[in-house]
Amino acid sequence: MAFDEMAGVGGPDRVRESYRALAQWLEEAPADLLAARSRQAELFFRRMGITFAVYGEADAAERLIPFDVVPRIISSSEWLELEAGLVQRVTALNLFLKDIYGPQECLKAGIIPPELVLTNPHYRPEMAGKRPPRDVWVHIAGVDLIRTGEDGFYVLEDNARTPSGVSYMLENREMMMRLFPDLFSEYPVRPVETYTDMLLASLKASAPESAGSEPNVVVLTPGPFNSAYYEHSFLADKLGVELVEGSDLYVDDGRVLMRTTEGPQRVDVIYRRVDDDYLDPLAFNPDSALGVPGLMTAYAAGRVTLANAVGTGVADDKAVYTYMPEIIRFFTGEDPILHNVPTWRCREPDALKEVLARLPELVVKEVGGSGGYGMLVGPAATKAEVEQFRAKLQADPAAFIAQPTLQLSTAPTLSGDGLASRHVDLRPFVLTGPQGVEVAPGGLTRVALKEGSLVVNSSQGGGTKDTWVLDA
Amino acid sequence: MLSRTADSLYWIGRYVERADFLARILEATLRLSSIPSRDGGAEQAWRGAVDSAGVGWAFDATERPANEKTVREYLAFSDDNPSSIRSCLIRARTNARSVRTALTVELWEAINGAWNALGEQGQPARRAEFIDFLGWVKTVTLSVEGAASRTMLRNDAFWFLRLGASIERADNTARLLDVKYHLLLPEGERVGGQLDYFQWTTLLREVSALTAYRWVYRDSVKPWLVADLLVLNRQMPRSLASCQSAIVDHLERLAADYGRRGPSQRIASARLSLLEESSIQAVFQSGLHEYIQDFLDGNNALGQAVAEQYLS
């Protein structure tokens, strides 16, 4: 039995403190109220075009991420602990990146095998010896957490490249306030709407010194066909900045400029939602039509801020992840507040042996993968799928890590036949500026809508919930 | 504003206007083809609709026969026709999606709502349903224009949107005249048959101007007056003169916002002066066909100038 966010580990009668008012409300609500509100939400999301694209599905170029109307609640004491853990972890990530592209003390100290960092596909030699403006690397992180018990939060992934989902954190709250205004009088829910102001302030503060007092910030998107395009346009709108594509920008005399109806305009900070590989066809993938030729030169000269910095992918690589507890201790001098999920590094022969022996019960992931693509969930896979994966694993062990199949906590969720328990995770968003690290009081709760499923990714049929962090 | 944003707004304006124009052509053609005739009038009417829409050549290239079924499909729904109503609404929405941040919620909902509704309805087979569909298309234009005019700031975004609509509208009226000029020759030179009257009224219906004609001229339908209404009459919102005047207004607002005039303002003003100095007699003397050809060339050149000055 998995830990339930509402019922804990107890029987059906027990309700955890923070869920009491909600449980009572759910009990008293008319039978079809939730279903009606759910339909209302879907209609609204579709009208607003709040959609995402699923790669490899021709007939469903744009889909809605299903929205579950039952909120997920985090008490103020739970949040304090999470917040401290996230600040510590992201502080360490920033210091780690600064170090591996700088003096490499942690490699010299043997904290992590140097080859794992230096030959990592996400390590950017172009950044060696470079420091991004104001020394900020991971401006925005979306750390995936799962819970297995009352005190058991674990970090599943540190998304330190271009984490998405924050628009759903914000839109879900708007939707809940519209659908269930009464519930908000029962709960002191901390507002999340300040996120975009926090983000804008943090981005502006990270601008190069040459930018002056009013830096020009833009959001760079791969374009309308990207799966997260809605989010890119949403963020640009809320930040009040231009949403640009690569072709809108060019580099002249070491400066980044954008083409406007009134001629060229200087750009100081680029919140880029384009991967490193596609940023600059002259420096990286020469076939990229998404990037800006010469951007890396301007960046290396400190003329423009990229958020996140180039080369942060090393820090959210799943093989490097396994060393995070040591990395945190090394850079902060503290014990990690948030724990890693125990992980086998398949690159190590002993670990590989054990993983192969226990394959049907484990979760195996590609070290560089994301979005729930290319992973094996042993207990949910057919025998043939397990064997297929075994072959992949044996062919290239270093490309994989394995973890026990954790019982993600469940939360009450509206299903076809009323409320049911479904597995959830949590992605809070962590911002880093020159002044420090802060966490938006909320996050994206993803829910596996299929009964028993542990895969919460929206690309794999997961949905989202509003996440309520309570004030003390 | 980003040049790409301006470009998308401009094309939203053009595509929505074009969808509306196609709906009107199809409505007028349904009516014309219902008039009994002994000489294959219906087939000719449908072939004429493709010409009016300015896609006659592309239609022929698909080697479809011209009849009610094929023309309705081609002009309203076909994906091979980049100017079908369906294609126009899809493209308008694609452009809108790429400039979401420049649109008000109301304008986005009008465009995205049309796109959602388009996906939900199939291709109506019966005439009654098809007429409902065309009526729906016209309400889409009304709601898009209404949303824009009621909710948008009067800034460059608005002017680019309206500029696209005005240039498209000028182009539509001119192309319509270009394929029908032979129906409008002055009395005595006419070669037409008994269907002429219906042809003229159809032409007026295609630009929703039959009632307007009667109010303006208080006369029976005469071809040179039809030409006057569509070319020079400033009360008629789809006349070339009205469209050109709107184009000049929008471009001047842009110039004022940006504090700078350029080639497109100069070209547009010169074109408006030419129209204002014309009389319909003079137009007929120099040849209606040549006159319209010149107008179309000039309109294209203006579109090019706008693209160079602002959109790239």
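For the structure itself, look to the data block above.
Bear in mind the structure is a predicted one, so any value in this text is a computation, not a measurement.

So, helix H7 (residues 127–151) of chain B
All names here are of chain B. Taking 1.5 Å per residue as the helical rise, H7 with its 25 residues ought to reach 36 Å, and the 36 Å between its terminal C-alpha atoms agrees with that figure. For H7, the set of buried residues is Phe130, Phe133, Leu134, Trp136, Val137, Val140, Thr141, Val144, Ala147 and Ala148. Against the buried residues of H7 lie helix H1 (3–32), helix H4 (68–77), helix H5 (85–98), helix H6 (105–120) and helix H8 (156–180).

Description of the sheet that holds strand S12 (residues 344–345) of chain A
Paired through backbone hydrogen bonds, the strands of a sheet run either parallel or antiparallel to each other. Residues and elements named next belong to chain A. The strand order across the open sheet built from 4 strands is S12-S15-S13-S14, with neighbouring strands paired in antiparallel fashion. One side of each edge strand has no neighbouring strand; the edge strands of this open sheet are S12 and strand S14 (376–377). In the sheet, S12 pairs with strand S15 (residues 400–404) via 2 bridges, with the strands oriented antiparallel. Residue pairing for S15: Arg345 is matched across the bridge by Ile401.

Describing the side chain of Glu68 of chain B
Residues and elements named next belong to chain B. Along the chain, Glu68 turns up in helix H4. Of note is the side chain of Glu68, whose polar atom sits 2.7 Å from the side chain of Arg72. Separated by 2.7 Å, the side chains of Glu68 and Arg127 make a polar contact. Ignoring anything within four residues of it in the chain, the contact list for Glu68 reads Leu30, Trp46 and Arg127.

Thoughts on the side chain of Asp276 of chain A
All names here are of chain A. Mapped onto the secondary structure, Asp276 falls in the loop between strand S9 (269–272) and helix H10 (295–300). Polar contacts involving the side chain of Asp276 include one to the side chain of Arg272, which spans 2.6 Å. Every residue in contact with Asp276, bar those within four places of it in the chain, is listed here: Arg124, Phe284, Ala309, Val310, Gly311 and Thr312.

Comments concerning a negative patch on the surface
Judged by side-chain charge, Glu27, Glu28, Asp182 and Glu186 of chain A come together as a negatively charged surface patch. Locating Glu186 of chain A in the fold gives a position in helix H7 (residues 183–186).

A few points about the packing of aromatic side chains
According to the stated counting rule, one finds 23 aromatic pairs over all chains in the structure shown. Arranged with centres 5.5 Å apart and planes meeting at 70°, the rings of Phe389 of chain A and Phe400 of chain A form a pair that is edge-to-face. Here Phe389 of chain A, found in helix H14 (residues 383–395), pairs with Phe400 of chain A, found in strand S15; they are 11 residues apart in sequence, far enough to count as distant. In this structure Phe389 of chain A comes out as buried when scored by relative accessible area, which is 6%. Phe400 of chain A sits in the buried class, given a relative accessible area of 5%. Connected via pairs of aromatic rings, a cluster forms that spans Phe77, Phe130, Phe133 and Trp136 of chain B. Directly above the aromatic system of Phe284 of chain A lies the positively charged group of Arg124 of chain A, at a separation of 4.9 Å from the ring centroid. Here Arg271 of chain B stacks its cationic end above the ring of Phe295 of chain B, 4.5 Å away from the centre of that ring.

Some remarks on the pattern of salt bridges
This structure, assessed with the given rule, holds 54 salt bridges over all chains. Its salt-bridge partner being Arg175 of chain B, residue Glu168 of chain B comes within 3.9 Å of it at the nearest N-O pair. One exposure class covers both Glu168 of chain B and Arg175 of chain B, and it is buried. Sharing partners across several salt bridges, the network here consists of Glu5, Arg16, Arg72, Glu78, Arg147 and Glu150 of chain A.

Regarding the pairing of strand S6 (residues 249–252) of chain A
Residue and element names in this part refer to chain A. Pairing of S6 with strand S7 (residues 255–260) involves 4 bridges; the strand directions are antiparallel. Among the inter-strand pairings, Asp252 is bridged to a residue of S7, identified as Arg255. Counting the residues in the hairpin turn of S6 and S7 gives 2 residues, including Asp253, whose phi is positive at 55°.

Considering the interface of chain B and chain A
Contacts between the two partners involve 23 residues from chain B and, on the opposite side, 22 residues from chain A. Note on chain B versus chain A: buried area summed over both sides is about 2100 Å², and carbon and sulfur give 46% of it. Per-residue buried area on chain B facing chain A is highest for Leu2, Arg97 and Thr101 of chain B; these three make up 32% of the total on that side. One can count 3 salt bridges joining chain B with chain A. Notably, a salt bridge pairs Arg47 of chain A with Glu109 of chain B, separated by 3.1 Å at the nearest N-O pair. Inspection of the chain B/chain A interface yields 14 residue pairs in polar contact (both at pLDDT 80 or more). Mapped onto the side of chain B that touches chain A, the elements with two or more residues apiece are H1, H5, H6, H8 and helix H15 (288–311) of chain B. Tallying contributions element by element places H6 of chain B first for the side of chain B that touches chain A, with 6 residues.

The rules we used
- Residues numbered from 1 in each chain as written.
- Chains lettered and ligands numbered in written order.
- Predicted model: local features only at pLDDT ≥ 70, side-chain atom pairs only at ≥ 80, totals over all residues.
- Heavy atoms only, no water.
- Helix = DSSP H or I, 4+ residues; strand = E, 2+ residues; numbered from the N terminus.
- Expected span 1.5 Å × (residues − 1).
- Buried < 20%, exposed > 50% of the residue type's maximum accessible area, 1.4 Å probe, protein only.
- Contact = heavy atoms within 4.5 Å.
- Pairing = 2+ DSSP bridges.
- Polar contact = N/O pair within 3.5 Å; in protein donor to acceptor, adjacent residues only side chain to side chain.
- Patch = residues over 30% accessible without salt bridge, like charges linked within 9 Å, V, L, I, M, F, W, Y side chains within 5 Å.
- Areas by Shrake-Rupley, 256 points an atom, 1.4 Å probe, with all protein chains shown as cover.
- Salt bridge = Lys/Arg side-chain N within 4 Å of Asp/Glu carboxyl O.
- Lys, Arg positive; Asp, Glu negative; His and termini not counted.
- Charge placed at Lys NZ, Arg CZ, Asp CG, Glu CD.
- Phe/Tyr/Trp six-rings, centres within 6.5 Å; stacked < 30°, edge-to-face > 60°.
- Lys NZ or Arg CZ within 6 Å of the ring centre and 35° of its normal.
- Buried area = accessible area lost by both parts, 1.4 Å probe.

Just geometry here; none of it tells us what the structure is for.
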